[in-house]
Amino acid sequence: MNVSSRRPVVLAVLVFALSQGYLVQLLQQLRPNILFLQFTFDPARYWAILAAWGSDGERAYREHFAYDFFHVLIYAACGRIVVTRGALFAPEACRLASITAWLLPLAALFDFAENLLQLHLLAGPVGASSLVIPLSALCSALKWGLAAGFAGVIGWRVARKWTQIGRLSR
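Remember, predicted model here, so these are calculated numbers, not experimental data.

Draft legend 1. Inspection of the packing of helix 4 (residues 94–101) against helix 5 (residues 103–123) at higher detail. Running from amino to carboxyl end, helix 4 crosses helix 5 at an angle of 20 degrees, the nearest separation of the two axes being 4 Å. Classified by the interaxial angle, the pair formed by helix 4 and helix 5 is roughly parallel. Residues Ile 99, Thr 100 and Ala 101 of helix 4 lie in contact with helix 5, whose contacting residues are Leu 103, Leu 104 and Pro 105. Of the residues that constitute the contact of helix 4 with helix 5, the class distribution is 5 nonpolar, 1 polar and no charged.

Draft legend 2. Here's a closer look at the packing of helix 3 (residues 43–85) against helix 5. One way to put it is that helix 3 packs onto helix 5 with a least axis distance of 9 Å and a crossing angle of 150 degrees. With respect to helix 5, the axis of helix 3 lies roughly antiparallel. Relative to helix 5, helix 3 is oriented so that their crossing is left-handed. Considered class by class, the residues forming the contact of helix 3 with helix 5 number 18 nonpolar, 3 polar and 5 charged.

Draft legend 3. Molecular detail of the packing of aromatic side chains. Considering all chains together, one arrives at 6 aromatic pairs under this definition. Relative to Trp 47, the ring of Tyr 46 has its centre 4.9 Å away and its plane inclined at 90 degrees; by these criteria the two rings are edge-to-face. Each member of the pair, Tyr 46 together with Trp 47, is buried. Every member of this aromatic cluster is reached through a ring pair, and the members are Tyr 22, Tyr 67 and Phe 70. Taking the ring centre of Trp 102 as reference, the NZ or CZ of Arg 80 above it sits at 4.3 Å. A cation sits over an aromatic face here: Arg 157 above Trp 156, 5.1 Å from the ring centre.

The rules behind each value
- Residues numbered from 1 in each chain as written.
- Predicted model: local features only at pLDDT ≥ 70, side-chain atom pairs only at ≥ 80, totals over all residues.
- Heavy atoms only, no water.
- Axes fitted to C-alpha atoms, helices over the stretch in contact; angles between N-to-C directions.
- Helix = DSSP H or I, 4+ residues; strand = E, 2+ residues; numbered from the N terminus.
- Parallel < 35°, antiparallel > 145°, perpendicular 65-115°, else oblique.
- Contact = heavy atoms within 4.5 Å.
- Nonpolar A, V, L, I, M, F, W, Y, C, P; charged D, E, K, R; others polar.
- Left-handed = near helix turned anticlockwise from the far one by under 90°.
- Phe/Tyr/Trp six-rings, centres within 6.5 Å; stacked < 30°, edge-to-face > 60°.
- Buried < 20%, exposed > 50% of the residue type's maximum accessible area, 1.4 Å probe, protein only.
- Lys NZ or Arg CZ within 6 Å of the ring centre and 35° of its normal.

Quick look at the structure:
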């Protein structure tokens, strides 16, 4: 990777890390944490988590969406930049690179849908048994699965690159 392609990768990863850190800071006080809510398919459990957060926690959760809609664009772009500019894929791995480049943008679409569903739930009657709750949890599971897949492929490619660099330096 040359300097001209390294800069956008480093910048994209830095912006993503700062953005993710900001979201964590916005929601760090929630107990149980937000992941429990995101993976809750059961309406009774969903409303129990919101009740456990109390009015301050629910307000923080509602307010985080204003930034989270922006964050999905950040991590979608970061994923594309890391794959297309990171020099992690050899030319013969172009199919894997192409698939990997779309994992985070696809995750962002599921995240966007999850956010819209959550806002719909928060606007509706509290305690309602709605199919929107498991649908939102499904979107979340798909989002996190795609993100984990991306992290796995990129981690594997970085490890291979480091192994190759180590062999070349001997």
